[in-house]
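Each chain, letter by letter, is given below.
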Amino acid sequence: MNIRDLIIYNKTIPKREAKYLDFPSTLSAELCGYLSQKGITKLYCHQAEMFEKAMQGPNIVITTSTASGKTLSFLLPVLQEILLNPLARAIFIYPTKALASDQYRAILPYLEYFGENRISAGVYDGDTTVNERSRIRKSANIILTNPEMLNGAFLPNHSKFGFDFILSNLKYVVIDELHTYRGAFGSHVANVFRRLGRVCRYYNSSPQYLCSSATIANPVELT
């Protein structure tokens, strides 16, 4: 059977023209230089807007189409903070180990450009070796993990193994694929984040939350 015989409907969706903005004036010269070197001379309007809002301090949710630059949207403010303050820590939460590993590969070019002595990162999950876990706790600015690991490893041991230093210097919590946290799973994860908030207050830190999703249909109603 020809594959064309199985097609019952065909629709062409017109393209949407990209809207660009110049680099925000508060974006560091180092990051501007890196982006320019990669051929990025302007940001998408939502990337620039998120960076500017993130600099003001509120928690943010960005919802935009797949492959429209969500990762760069929340990565730029995190990288800027780390470059200014090497002690700063950020925890990136992903619903699966596979997605965390994929996103780690996506940020590798930044690590290679700036060098591990300035920005260090690592995936902290059930597959991470003991030596790598120790390295991440001691020196990683960006820790990519999942809700189960946050609940089972970070929070119960917050006063030892170096987690106290991470939580004391936690500046950002990034939650990607926000739409996956719904139903019973979403309720459990919400309680994990409440627990994280209590522990952070114990260490006198108040991390900013940067969240993203490509499939939330009604973001305005959810704010």
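Quick note: structure is the one above.
**Quick look at the layout of surface pockets**
Computed from the structure, the second largest pocket encloses a volume of approximately 410 Å³. Around the second largest pocket, the lining residues are Arg16, Glu17, Ala18, Lys19, Tyr44, Cys45, His46, Thr63, Thr64, Ser65 and Ser68.

**As for helix H6 (residues 147–154)**
Those residues of H6 lying buried are Pro147, Met149, Leu150, Ala153 and Phe154. For H6, the angular spread of the buried residues around the axis is 165 degrees, confining them to a single face. Each element contacted by the buried residues of H6 is listed here: strand E4 (89–93), helix H5 (130–139), strand E6 (142–145), helix H7 (163–168) and helix H8 (183–202). Where H6 starts, the residue carrying a side-chain oxygen 3.2 Å from the main-chain nitrogen of Glu148 turns out to be Asn146.

**Considering the pairing of E6**
Alternating positions in E6 separate into two faces, Ile142 and Leu144 on one and Ile143 and Thr145 on the other, with burial throughout. Bridge analysis of E4 against E6 gives 4 bridges, and the strand direction is parallel. When the sheet's bridge partners are listed, Ala90 is paired in E6 with Ile142. The β-α-β motif built from strand E5 (residues 121–123), the intervening H5 and the parallel element E6 has right-handed crossover chirality.

**A word on the packing of helix H2 (residues 45–56) against helix H3 (residues 70–84)**
Relative orientation and spacing of two packed helices are given, respectively, by the angle between their axes and the distance between those axes. Orientation of H2 relative to H3, taken along the N-to-C sense of each, is 40 degrees, at an axis distance of 8 Å. The way H2 lies across H3 gives a crossing that is right-handed. Across the interface between the two elements, His46, Gln47, Met50, Phe51, Ala54 and Met55 of H2 pack against Leu72, Ser73, Phe74, Leu76, Pro77 and Gln80 of H3. A class-by-class count of the residues in the contact of H2 with H3 yields 8 nonpolar, 4 polar and no charged.

**Things to note about the environment of Arg135**
Tracing the chain through its elements places Arg135 in helix H5. Classification of Arg135 as partly exposed rests on a relative accessible area of 24%. Excluding its chain neighbours within four sequence positions, the residues that come into contact with Arg135 are Ser120, Ala121, Gly122 and Ala140. A polar contact of 2.8 Å, which involves the side chain of Arg135, links it to the backbone oxygen of Ala121.

**Quick notes on the side chain of Arg137**
If you trace the backbone, Arg137 turns up in helix H5. No salt bridge is formed by the buried Arg137; the nearest opposite charge belongs to Asp164, separated by 8.5 Å. With near-sequence residues (within four places) excluded, Arg137 lies in contact with Tyr124, Phe161, Gly162, Phe163 and Ile166.

**Thoughts on the nonpolar core**
Ranked by internal contacts, the top residues of the largest apolar core, which has 39 residues, are Val78, Phe92, Ile142, Leu144 and Leu210. Counting 27 residues, the second largest nonpolar core, distinct from the first, contains Tyr124, Leu150, Val189 and Cys200.

**What to know about the sheet that holds E4**
Pairing within the open sheet is parallel, and its 6 strands lie in the order E3-E8-E7-E4-E6-E5. The two strands at the open ends of the sheet, each matched to only one other strand, are strand E3 (60–63) and E5. Within this sheet the neighbouring strands show an average axis-to-axis angle of 15 degrees, counted without direction. Across 5 bridges, E4 lies against strand E7 (residues 170–175) in parallel orientation. The residue of E7 that forms the bridge with Phe92 is Val174. H5 contacts E4, E5 and E6 of the sheet and is inclined by roughly 140 degrees relative to E5.

What counts and how
Residue indices follow the written sequence of each chain, beginning from 1 at its first position. Note on the predicted model: pLDDT of at least 70 is required for a residue's local features to be given, and 80 or more for side-chain atom pairs to be given and counted; whole-chain, interface and lining totals, by contrast, use all residues. Side-chain numbers here rest on the full set of heavy atoms in the structure, without hydrogens or water. Space inside and on the surface of the protein is sampled on a 1 Å grid over the protein atoms alone, with a cavity defined as a set of points where a 1.4 Å probe fits but cannot get out and a pocket as an open set with protein on both sides within 12 Å along at least 5 of 7 lines; lining residues have an atom within 4 Å of a point. Grid points are joined across faces, edges and corners, and a volume is the space filled by probe spheres set on the points. Classification of residues uses two cut-offs on accessible area relative to the type maximum, computed with a 1.4 Å probe and protein chains only: under 20% is buried, over 50% is exposed, and between them is partly exposed. Secondary structure elements follow DSSP: runs of H or I of four or more residues count as helices, runs of E of two or more count as strands, with numbering from the N terminus. Taken from the helix axis, the directions to the C-beta atoms give the arc we talk about. Any pair of residues with heavy atoms lying within 4.5 Å of one another is described as a contacting pair. Two N or O atoms form a polar contact when they lie within 3.5 Å of each other; inside protein one atom must be a possible hydrogen donor and the other a possible acceptor, and for residues adjacent in sequence the pair counts only when both atoms belong to side chains. Two strands pair if DSSP finds at least two bridges between them. Crossovers are marked right-handed if the path from the first strand over the helix to the second runs clockwise, as seen with the strands pointing away from the viewer. Every axis in this analysis is a line fitted to C-alpha atoms, fitted for helices over the stretch in contact. Angles between the N-to-C directions lie between 0 and 180 degrees. Each helix crossing is assigned a hand: it is left-handed if the near helix lies turned anticlockwise from the far helix by less than a right angle, otherwise right-handed if that turn is clockwise. Residues are sorted three ways: Asp, Glu, Lys and Arg are charged, Ala, Val, Leu, Ile, Met, Phe, Trp, Tyr, Cys and Pro are nonpolar, and all the rest, Gly among them, are polar. Residues scored as positive are Lys and Arg, those scored as negative are Asp and Glu, and His as well as the terminal groups of each chain are ignored. What counts as a salt bridge is simple: a side-chain nitrogen of Lys or Arg found within 4 Å of a carboxyl oxygen of Asp or Glu. Note on terminology: a nonpolar core comprises buried Ala, Val, Leu, Ile, Met, Phe, Trp, Tyr and Cys residues joined through side-chain atoms within 4.5 Å.

Keep in mind that these numbers describe shape and distance, not what the molecule does.
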